[in-house]
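A structural walkthrough
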Amino acid sequence: MKTRLTLDGAWFKTEYSNSAPYYYKPYQLVNNRRIEKYGVYQQESGYIREELNTKVMLDTYLPELDMEFSTSVQCAWFHLSQNKPRSETPEVYIDTDGSVHSYTEQDKKDMILQYLYTPHNPNSFRKERVPFGMSVNLKASKNFRRKVRVSLYVNKLLDYYPVYEVYGAKIRRAVDPYFGMELNFTL
Amino acid sequence: MTKKYLFLFLMMMVSIGFNACQDDNDELRTTILSLTVQSPEEMTDFTLSELQAVFTERNTGEKTLSDPFTGTLMILLPEGTYDIAVQGKISYWINGKRQTGEVKASKESNVVLGEKAVLSLPLMLVIDHTDFLISEIFFTGTQTPEKKQYNGDKYMVIYNNSDEVLYADGLVIGQTDFLTVTKHAYRPDIMAEAVGVDCLIQIPGTGKEYPVDPGKYLVIADNAIDHREYNPQSIDLNKADFEWYSTSLGGEVDNTDVPNMFNLYDRMVMHNRGFKSFILARIPVENEQYLKDYRYHYDYDFVFNGITYPMDGDCYKVPNEWVVDAVNLSVESEFQWIVTSPALDMGWTSCGKVDKDPQRYGKSVRRKVLATNPDGTQKLQDTNNSSVDFIPDATPSLMENK
């Protein structure tokens, strides 16, 4: 059996954070006037992304037919994502005259300054984990006098994507097979 | 007329004469009066009960109380000139639900003479605990002859459905923050106690500046200009009572002859597909106090194709007890829920049948007339169910008068 076995994979982990302060000015009209104050927040954005993928490839060559069959098994072991909590309370705010004031607890009860306090849905910062999923791809190629190469392939012909639950929501993953053809000429 | 009065005068003298030399055999001349009450216009399915008439003789001041009656009363009265007041209860049916109210009739200086007399009084419908009502919302705007959307000509009508002069000072109009076409589990859920609004515009005034007589109304317009100059298919809003105006919206013209609404919270931008509902309310606390204490921050999880998107939002809440009237709007093909407590409004009304229906332009929702009283004023129907109280896809009142 003239079969080549290839194994590859990748693990990524990205952590992003922003050290520059974020400026926010509320857009609403309050008491018939615009709000002319800017809140200054630290660490307004940031996230973590992590995933592990592997691929096993089996390439079989049949010299009497000048054909290649390749099977690949792709596994997505997990995918993790989480947004870092954003600051809801500004450290300071800038008034219309350009003066800078620190933002206190008392300001959350002020008619105007309360708009600078921006609570978020706590679910926005929870860890989202997508569990294991696998699919199998098939490809058959035939060479004609080393000039023309015809390939037929079916991606995701077989798959295993189990149902999983995220915070009470059941998630069913549907995978659609993909049929294709390639024709290559060598001049 | 002079003869009649002379005759009356003589009759009175005779009557006094009788009184003066009253003795055991004295004969008091009496009349059998047949009094009929006419039911209010437009009303068909109703029952009257506990009707009672009070006859006050104008010269003696003597009061005669009738027995309870329905329809026609036969009563024996001493001849004279009477002020008649009738009062009673009415129950009527709207959409299978029994409503109750009061009816009244009165007429001064009725001459009751001879053996028999016949009188007829038209009844007036009095609805208990009535106040201002939203009688019309024109939220769709119009289309230009080139079939382009034309905004700025939207308006709302506020109607005095009570029997007394009401002051519109300080009334607020709010548009709901939630849509009637998308239902989410909002946290915290305040709908049983309050309405979340994305804007609040307020009628100015210190308390007694804007009186509205019973059966009269106020037109509150987006831009109080003659829109026909820009779109021949639009309307003249020059004579609106108020306009909602914001300097921060470009291109708006401020008609200085028409007072501006006070933008208590944000700007009124009516949802022109009718996905949001409207309330009319009175804020019993100072504006500053309200703005400080009644913000409503909510969050919810938006689930789409198995993926959950955590969302949040901010608006203001208006406690249900402060709400004078509420009207839910939606469209048939998209409706999911009403966005007020059913105690405020248990139904909804609409313009157009599907989302983005081009048929909706130039149409409004208008409250049905329950009864037209003898003085010409109309009582509008208010059963806290916009599905039955309103006429959907109606011709806007200001287009009728064009």
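Parameters at a glance
- Residues numbered from 1 in each chain as written.
- Chains lettered and ligands numbered in written order.
- Predicted model: local features only at pLDDT ≥ 70, side-chain atom pairs only at ≥ 80, totals over all residues.
- Helix = DSSP H or I, 4+ residues; strand = E, 2+ residues; numbered from the N terminus.
- Rg over C-alpha atoms; globule rule 2.2 N^0.38 Å.
- Buried ≥ 20, exposed ≤ 12 C-beta atoms within 10 Å, placed from the backbone.
- Contact = placed C-beta atoms within 7 Å.
- pLDDT = per-residue confidence, 0-100.
- Nonpolar A, V, L, I, M, F, W, Y, C, P; charged D, E, K, R; others polar.
- Core = buried A, V, L, I, M, F, W, Y, C linked by C-beta atoms within 7 Å.
- Domains from an automatic or database assignment.

1. Points about the overall build of chain A
For chain A, the helix and strand inventory stands at zero helices and 15 strands. For 187 residues, the compact-globule estimate of 2.2 N^0.38 gives 16 Å, and chain A exceeds it by more than 25% at 28 Å. Taken along its principal axes, the extent of the C-alpha atoms in chain A is 85 × 45 × 30 Å. When each of the 187 residues of chain A is scored for burial, the buried share is 5%. A separation threshold of at least 6 residues defines the contact pool for chain A, and within that pool the share at least 24 residues apart is 63%.

2. Structural notes on the confidence of the model for chain A
Looking at chain A as a whole, the pLDDT averages 92, with 99% of positions reaching at least 70. Within chain A, no element has a lower average pLDDT than strand β14 (residues 169–171) of chain A, which sits at 83, and none a higher one than strand β8 (residues 92–94) of chain A, at 97.

3. Focus: the interface of chain A and chain B
Across the contact, 19 residues belong to chain A and 22 residues belong to chain B. Contributions of two or more residues to the side of chain A that touches chain B are made by β3 (29–30) and β14 of chain A. Of the residues in the side of chain A that touches chain B, the class split is eight nonpolar, eight polar and three charged.

4. As for unusual backbone geometry
Residue and element names in this part refer to chain B. Between R187 and P188 the backbone carries a cis peptide bond, its omega angle lying at -10°. Phi is positive for E50, close to 50°, though the residue is something other than glycine. Checked against the element boundaries, E50 lands in strand β2 (residues 46–57). Positive phi is not limited to glycine here, since D393 has a value of about 50°. A count of 17 C-beta atoms within 10 Å places D393 in the partly exposed class.

5. Some thoughts on the nonpolar core
All names here are of chain B. Within the largest apolar cluster, 86 residues are counted, with the highest numbers of intra-cluster contacts made by Y155, I158, I201, I220, A240 and I279. When residues of this core are sorted by domain, at least three fall in each of domain 1 (29–126) and domain 2 (132–400). Excluding residues that lie within four positions of it along the chain, I279 makes contacts with G174, V195, V197, V318, V323 and A326.

6. Observations concerning the environment of B:D241
Residues and elements named next belong to chain B. Following the sequence through the fold, D241 ends up in the loop between β17 (217–221) and β18 (242–243). For D241, a count of 19 C-beta atoms within 10 Å gives the class partly exposed. Separated by 19 residues in sequence, D241 and N260 have C-alpha atoms that sit 9.0 Å apart.

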